[in-house]
Amino acid sequence: MKEIKYNEILFWNTHKNPEIDSYIIDFMDENPCDIIILAEYINNINGLCNQLAILKLDYYVWNSLACDKVKIISKQCYKNKLMQDEKRYCIYSMETAYGKYILTALHLPSKLHFEPPDTEFYARRIRSDIENAEEKVRHHKTFVVGDFNVNPFENACINADCFHALPNSFEAKKGVRKVSGLSFTTFYNPMWNLFGDFNDISGSYFYNKNQIRLYQWNIYDQVILRPELIEDFLNDSLKIVDEIKGKSILNRNGKPNKKISDHLPIYFEIKEEM
């Protein structure tokens, strides 16, 4: 009987908080993730690895030449090769002892300073670079993680010529959808399942303003994955984290505590057979 291993992954937009390390350390003390992906992280990332070493957790920093929006650290047993990076995203070929993957980490432009076409432009570029990477490594076990700065239902996520990340796993597993005679490969977006108030928390980012159309709770922080990884993705593991070591990281109104970060972290697991 084959043994199952779980790749545990955390993403957090840290809001440029110089005190964020203590929260990451506390989370890792309870949940020693294999890979940590951080956006808007301003501290010394090697220093974070040194702090984790005190917990007997051996992590190293993934190299990136151009991307300054995202930082990645992982356990030493996770090998990686940088395939493509730009200011806002980086694409790696990743290898564990039992599997090979493509990991893309990103932090797309904020709606506060950019228009939707800017985000859609990035989505098309990243999609193209991912397809080139998949062609080089000859597999499609790809997942994308980060702060998309759009919701799963917005154009950059759902449009066929952008990420084409579908909310239904059955449809996403078909792998390709045709539009006007052109074929577009699919991603699956499990984040749709976290919308609404049936869950403990209604999103990863809260924004309130005096305007006609307003979602208030948004899910900007997401993971999307190729059909080849759907069966390996643990649906029950996916969560928006709202407490660490039993302490809430929300304010007294139940929104993200901006003294910690204006975004909540997301956590998920991908299994592989040993």
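Predicted model, so just to flag it, every value in this text is computed and none were measured.

Definitions and cut-offs
- Residues numbered from 1 in each chain as written.
- Predicted model: local features only at pLDDT ≥ 70, side-chain atom pairs only at ≥ 80, totals over all residues.
- Heavy atoms only, no water.
- Helix = DSSP H or I, 4+ residues; strand = E, 2+ residues; numbered from the N terminus.
- Rg over C-alpha atoms; globule rule 2.2 N^0.38 Å.
- Buried < 20%, exposed > 50% of the residue type's maximum accessible area, 1.4 Å probe, protein only.
- Contact = heavy atoms within 4.5 Å.
- Areas by Shrake-Rupley, 256 points an atom, 1.4 Å probe, with all protein chains shown as cover.
- Lys, Arg positive; Asp, Glu negative; His and termini not counted.
- Charge placed at Lys NZ, Arg CZ, Asp CG, Glu CD.
- Axes fitted to C-alpha atoms, helices over the stretch in contact; angles between N-to-C directions.
- Parallel < 35°, antiparallel > 145°, perpendicular 65-115°, else oblique.
- Left-handed = near helix turned anticlockwise from the far one by under 90°.
- Nonpolar A, V, L, I, M, F, W, Y, C, P; charged D, E, K, R; others polar.
- Salt bridge = Lys/Arg side-chain N within 4 Å of Asp/Glu carboxyl O.
- Phe/Tyr/Trp six-rings, centres within 6.5 Å; stacked < 30°, edge-to-face > 60°.
- Lys NZ or Arg CZ within 6 Å of the ring centre and 35° of its normal.
- Polar contact = N/O pair within 3.5 Å; in protein donor to acceptor, adjacent residues only side chain to side chain.
- Expected span 1.5 Å × (residues − 1).
- Pairing = 2+ DSSP bridges.

What to know about the overall build of the chain
Per the secondary structure count, the chain includes five helices and 19 strands. Here the C-alpha atoms of the chain give a radius of gyration of 18 Å, agreeing with the 19 Å that 2.2 N^0.38 yields for 274 residues. Burial statistics for the chain: of 274 residues in total, 50% are counted as buried. Counting only contacts in the chain whose residues sit at least 6 apart along the sequence, the fraction spanning at least 24 positions is 64%. Entry remark: accessible area of the chain is about 13600 Å², with carbon and sulfur atoms responsible for 47%. Side-chain charges in the chain split into 34 positive and 38 negative, and the spacing between the mean points of these groups amounts to 3 Å.

Points about the packing of helix α1 (residues 20–30) against helix α2 (residues 45–54)
Following both chains from N to C, one finds α1 and α2 inclined at 40 degrees, their axes separated by 10 Å at the closest point. It follows from the interaxial angle that α1 and α2 lie oblique. In the crossing of α1 with α2, the sense of the turn from one axis to the other is right-handed. Each of Asp21, Ile24, Ile25 and Met28 in α1 lies in contact with α2, whose residues at this interface are Leu48, Gln51 and Leu52. Of the residues in the contact of α1 with α2, the class split is five nonpolar, one polar and one charged.

Here we look at the pattern of salt bridges
Side-chain pairs of opposite charge can arise where the charged atoms are in close proximity. For the structure shown, the criterion picks out twelve salt bridges. Note that Lys5 is salt-bridged to Asp34, the shortest N-O span being 4.0 Å. One end of the pair, Lys5, is in strand β1 (residues 4–13); the other, Asp34, is in the loop between α1 and β2 (35–39), and 29 residues separate them in sequence. For Lys5, a relative accessible area of 19% puts it in the buried group. Residue Lys111 pairs with Glu154 through a salt bridge whose shortest N-O separation is 2.8 Å. With Lys111 in the loop between β7 (100–107) and α3 (116–137) and Glu154 in the loop between β8 (142–147) and α4 (155–158), the pair connects residues that are 43 residues apart, well separated along the chain.

Some thoughts on the packing of aromatic side chains
Going through the model one piece at a time under the given rule, you end up with 13 aromatic pairs. Note on Phe148 and Phe163: the rings are 5.4 Å apart at their centroids and 65 degrees apart in plane angle, and the pair reads as edge-to-face. One end of the pair, Phe148, is in the loop between β8 and α4; the other, Phe163, is in the loop between α4 and β9 (165–166), with 15 residues separating them in the sequence. An identical accessibility class is assigned to Phe148 and Phe163; each is buried. One aromatic cluster is present, built from ring pairs that chain together Tyr101, Phe143, Phe233 and Phe268. If you follow Arg226 out to its NZ or CZ, it ends over the ring of Phe187, 4.1 Å from the centre. One Lys or Arg, Lys239, reaches over the ring of Tyr267 and ends 5.4 Å from the middle of that ring.

Concerning the side chain of Thr96
Positionally, Thr96 belongs in the loop between β6 (89–95) and β7. By relative accessible area, which is 8% here, Thr96 ends up buried. Within polar-contact distance, the side chain of Thr96 engages the backbone nitrogen of Tyr98 at 3.1 Å. Only 2.9 Å separates the side chain of Thr96 from the side chain of Glu272, close enough to count as a polar contact. Excluding residues within four positions of it along the chain, Thr96 makes contact with Asn7, Cys77, Tyr78, Tyr101 and Glu272.

Quick look at the environment of Phe143
Within the secondary structure, Phe143 sits in strand β8. Judged by relative accessible area, Phe143 falls into the buried class, the value being 1%. Sequence separation between Phe143 and Pro227 is 84 residues; the distance between their C-alpha atoms is 9.7 Å.

Brief notes about α3
Here α3 is 22 residues long and its end C-alpha atoms lie 32 Å apart, about the 32 Å a rise of 1.5 Å per residue gives. If you check which residues of α3 are buried, you get Thr119, Glu120, Tyr122, Ala123, Ile126, Arg127, Asp129, Ile130, Ala133 and Glu134. Residue Arg138 follows α3 closely and has a positive phi angle near 65 degrees.

Concerning the sheet that holds strand β19 (residues 266–273)
The six strands lie next to each other as β3-β4-β2-β1-β19-β16, forming an open sheet whose pairing is mixed. The open sheet is flanked by β3 (59–61) and β16 (239–240), the only strands paired with a single partner. Where β2 meets strand β4 (residues 70–75), five bridges bridge the pair, whose relative direction is antiparallel. Across the sheet, residue Ile37 finds its bridge partner in β4, namely Ile72. Contacts from α2 reach β2, β3 and β4 within the one sheet, and its direction differs from that of β3 by about 175 degrees.

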